[in-house]
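Summary of the model geometry
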Amino acid sequence: MKTEQDPVSLPSGAMAHAIRFLAVDAILAAGEGHQGVPLGMAEIATVLYARHLRFDPANPLWPDRDRVVLSNGHGSMLLYALLHLSGYHHIPLDAVKRFRELGSPCAGHPEYDPPAGIETTTGPLGQGIANALGMAIAEAHLRATFGEDLVNHRTWAFVGDGCLQEGVGQEVIQLAGHLRLGHLTFFWDDNAITDDGATALSISENVAERFRVAGWHVVEIDGHDMAAIDAAIMAAKSDPRPSMIACRTVIARGVPRLEGQRGGHSGKLFPEDRAAMADRFGWNGGSFEIPPPVASAWHATGLAGAEASRLWQARLDATPAAQREEFTRRVEGRRKAGWREALLRLKAEAASGGKPEFSIAASGTIASALYDILPDMMTGCADLEAPTNHKRQLAAFTAEDPAGRYIHCGVREHAMGALANGMAAHGGFIPLAVTYLPFSDYERPAMRMAALMGLPVLFVFSHDSIGIGKNGPTHQPVEIIAALRAMPNMLVIRPCDAVEAAEAWEIALEHRAGPVSLVFARQSVPQLRRDGGAGNRSARGAYILAEAEAGARRVTLLSTGSEVQIALEARAMLEAEGIGTAVVSMPCWSLFEAQDRTYRQAVLGAGTVRVAVEAAVKFGWERWIGEEGGFVGMTGFGASGPADALYRHFGITAGAVAAEARKRLG
């Protein structure tokens, strides 16, 4: 492990120039790219990798490695150059030569690929630093849980002006400072330039002071002075606060035509620019050529980390068996035995004697039962502890007690969603992000990135419809469920009662290929299911809750969540008239769509009249009810008033559902 006492001398300027020339060569080959970051931050990155970073290219998934986040992801060639030069096998020179080409791991913006050394997807500015916040929280909690012999690494983030100008940036600054995450360090590329021109066009504040007042350790340096960079990093490593190293740099340093100008960000490069840079730095290597002494120096940067990795493995092997198994289970993402049995017990209890209760309260009860079994479950909530009811027995994660498992995020949904992604990307956790469904819009960028990366984050929502009542239309998310269902690789599950809630949690904990949105009602819902067996009927996305009894099925009523009870009431009306009617509960559309055609037709009822009821807009229901189907729901925003009055006002009633069915029967 590299330490302040490490006698290795400062890296040479040629090592930084290797980054510059690899970046320029790749951008020239691609015909486009963002050279500003790799040319401006080359010295910073070189000192970090050569002197301080704890990494092993031959063991890229080593659990106790440092995490590096390129938050200013448009400068992706900085990261790819570092990974190639330091010896990551997944980033060979051929991949660098195919920068931005289909199939290359060197995508236009970094995409989630931990075996290649790419810790998280960045691109939307601010997401990366919020992911880094989550990684630092994950490290602090695991260190408090398992001790420094097994967990003692740092999180480093390269940060641009855009990351700090986006609103999520301020949320991150505040929360990280409050939690005193001393293993988190930002390198701010303070080049005073954005894509539009000088930063003075849109900002006049003292950015470094924002960090200071939030409780960060701040050092301001020349970002091209390797000695100053090294000293700043050593100071950061010895300070108990999170650190921000403000690095005054020149954008596109080395390209005379562009350096220090707005065109330095991503202006088109020409071979003449490379030639001018080579003249300036005395670089004799051809395109994609690194002089052997420089290449050897770069490959040597991982040697200390390889030794640290070997010593760490020896400490893990010497750890008592029970602790070793628990640590290994967590970093491998395996579920601890007993969680499914706990869900089945709750499911059976609800089916046998469940009484009406708030849907979100049922989820809180389930989470509480799981907390004692799954210590890797960690919950973040945006200042809504009481109404969302998911804290229960958890202690708060604080600067004084990082072993706590409930993160009080404050009113910071954007950072909450993104830090949950960071925790999932770090590994060792089942992260929950809990808030009201209308506030999911603040989390939307993070939810999209979780889906894109395939991160198993659980987004838990309450207050899902007009059923919240008097808070009014700002808090009644009539369009949001449809928007979430449209997001690729996002499971959206809206349970109708406590039995379906238990089944939804089972689905969520089994699902590893991406995030899950669990959507619960704020209002009380009756217990509809009385079957509490081991089978998970919700796992197929939709199922027949009540089949037609008054003869052959002529009508199929489709619904989700709190409106399933309305569908059942409408069924009773139609059945009383001799009209065979079935009710289908559809908690998860995407799971239902994944079923075979025979099952889908059996559930939907081929040739029957179909009517859907949901206290949301119709968008998307056409897939299931067809052009001739009926829909009872919302056509616009809600209103303020008691929930029962609102359902009547907007015509979401059993009578309206039955009428839609009769009309289509002719």
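Predicted model, so just to flag it, every value in this text is computed and none were measured.

Thresholds applied
Residues numbered from 1 in each chain as written. Predicted model: local features only at pLDDT ≥ 70, side-chain atom pairs only at ≥ 80, totals over all residues. Heavy atoms only, no water. Helix = DSSP H or I, 4+ residues; strand = E, 2+ residues; numbered from the N terminus. Rg over C-alpha atoms; globule rule 2.2 N^0.38 Å. Buried < 20%, exposed > 50% of the residue type's maximum accessible area, 1.4 Å probe, protein only. Contact = heavy atoms within 4.5 Å. Lys, Arg positive; Asp, Glu negative; His and termini not counted. Charge placed at Lys NZ, Arg CZ, Asp CG, Glu CD. Disulfide = S-S within 2.5 Å. Core = buried A, V, L, I, M, F, W, Y, C linked by side-chain atoms within 4.5 Å. Salt bridge = Lys/Arg side-chain N within 4 Å of Asp/Glu carboxyl O. Axes fitted to C-alpha atoms, helices over the stretch in contact; angles between N-to-C directions. Parallel < 35°, antiparallel > 145°, perpendicular 65-115°, else oblique. Left-handed = near helix turned anticlockwise from the far one by under 90°. Nonpolar A, V, L, I, M, F, W, Y, C, P; charged D, E, K, R; others polar. Pairing = 2+ DSSP bridges. pLDDT = per-residue confidence, 0-100.

Take the overall build of the protein chain next. Across its full length, the protein chain holds 27 helices and 20 strands. Computed over C-alpha atoms, the radius of gyration of the protein chain comes to 28 Å, within 12% of the 26 Å expected from 2.2 N^0.38 for 666 residues, which places it in the range of a compact globule. With respect to the principal axes defined by its C-alpha atoms, the protein chain has extents near 90 × 55 × 45 Å. Every one of the 666 residues in the protein chain was classed for burial, and the buried ones make up 61%. Nonlocal contacts in the protein chain, meaning residues at least 24 apart in sequence, comprise 77% of its contacts between residues at least 6 apart. Side-chain charges of the protein chain comprise 62 positive and 74 negative groups, with the mean position of each set lying 4 Å from the other.

According to the stated counting rule, one finds zero disulfides in the structure shown. The thiol of C588 is not disulfide-bonded; the next cysteine sulfur, from C496, is found 14 Å away. The exposure class of C588 is buried, given its relative accessible area of 0%.

Every α-helix winds through 3.6 residues per turn, so residues three or four apart in the chain are directed the same way. Where burial is concerned, most of helix α3 (residues 42–52) is hidden: eleven out of the eleven residues are buried. Burial in α3 covers these residues: A42, E43, I44, A45, T46, V47, L48, Y49, A50, R51 and H52.

Attention now moves to the nonpolar core. In this structure, I137, L181, F186, F211, W216 and M244 are the most contacted members of the largest nonpolar core, which totals 74 residues. The element that contributes the greatest number of residues to this core is helix α6 (residues 127–146), accounting for eleven residues. Not counting the four nearest positions on each side in its chain, W216 is found in contact with V172, I173, A176, G177, L184, F186, F211, R241, P242, S243 and M244. Core analysis: the second largest hydrophobic core is formed by 65 residues, A16, V24, L82 and A236 among them.

Its identity as a non-glycine residue notwithstanding, A252 has a phi of 60°, on the positive side. Structurally, A252 is set in the loop between β7 (243–248) and α11 (271–281). What makes A252 buried here is its relative accessible area of 0%. Of note in the backbone geometry, H463 takes a positive phi value of approximately 55° without being a glycine. Tracing the sequence through the fold places H463 in the loop between β12 (458–462) and α20 (480–485).

Before going further, it helps to spend a moment on the pattern of salt bridges. What the rule picks out here adds up to 40 salt bridges. For R553, the salt bridge goes to E547, with nearest N and O atoms at 3.2 Å. Taking the relative accessible area as the measure of exposure, E547 reaches 37% and is therefore partly exposed.

Our next topic: the packing of helix α22 (residues 564–576) against helix α27 (residues 654–665). Where α22 contacts α27, the axes come no closer than 8 Å and their chain directions differ by 55°. Here α27 runs oblique to α22, going by the angle between their axes. Considering the relative orientation of α22 and α27, their crossing is right-handed. Within the contact between the two elements, α22 uses I566, E569, A570, M573 and L574 and α27 uses A654, G655, V657, A658, A661 and R662. For the contact of α22 with α27, the residue count by class is eight nonpolar, one polar and two charged.

It is worth spelling out helix α4 (residues 76–86) at this point. Along α4, eleven of the eleven residues are buried, which leaves the element largely enclosed by surrounding structure. Within α4, burial applies to S76, M77, L78, L79, Y80, A81, L82, L83, H84, L85 and S86. Downstream of α4 by one or two residues, G87 has phi in the positive range, about 105°.

Mapped onto the fold, D56 is located in the loop between α3 and β1 (67–70). R310 is the oppositely charged side chain nearest to the buried, salt-bridge-free D56, at an N-O distance of 9.5 Å. Apart from residues lying up to four places away in sequence, D56 is in contact with W62, G305, A306 and S309.

Think of a sheet as strands paired side by side through backbone hydrogen bonds, with each pair either parallel or antiparallel. Within the open sheet, the five strands sit side by side as β1-β2-β3-β7-β6. Their pairing is parallel. Since the sheet does not close on itself, it has two edges, and those belong to β1 and β6 (217–222), each with one partner. Geometrically, the sheet is characterised by an average inter-axis angle of 15° between neighbouring strands, direction not taken into account. Here strand β2 (residues 155–159) runs beside strand β3 (residues 184–190); their pairing, made up of five bridges, is parallel. Looking at β3, one finds that W156 is bridged to T185. The strands touched by α3 are β1, β2, β3 and β7; relative to β2, the strand with the most contacts, the crossing angle is about 170°.

Of the residues in the protein chain, 98% have a pLDDT of 70 or more, and the chain-wide mean is 96. The model gives residues 1–7 a pLDDT under 50, and that stretch makes 16 contacts with residues more than four places away or in other chains.

Our focus in this paragraph is the sheet that holds strand β16 (residues 543–546). Sheet architecture is open: five strands sit in the order β16-β18-β17-β19-β20, paired in mixed fashion. The sheet is open, and its two edges are formed by β16 and β20 (630–634), each paired on a single side. The mean inter-strand angle of the sheet, taken between neighbouring strand axes irrespective of direction, is 25°. The sheet contact formed by strand β17 (residues 555–559) and strand β18 (residues 581–585) spans five bridges and is parallel. Pairing of V555 across the sheet is with T581, part of β18. Of the strands in this sheet, β16, β17, β18 and β19 (609–617) are in contact with helix α24 (residues 597–604), which crosses β16 at around 20°.

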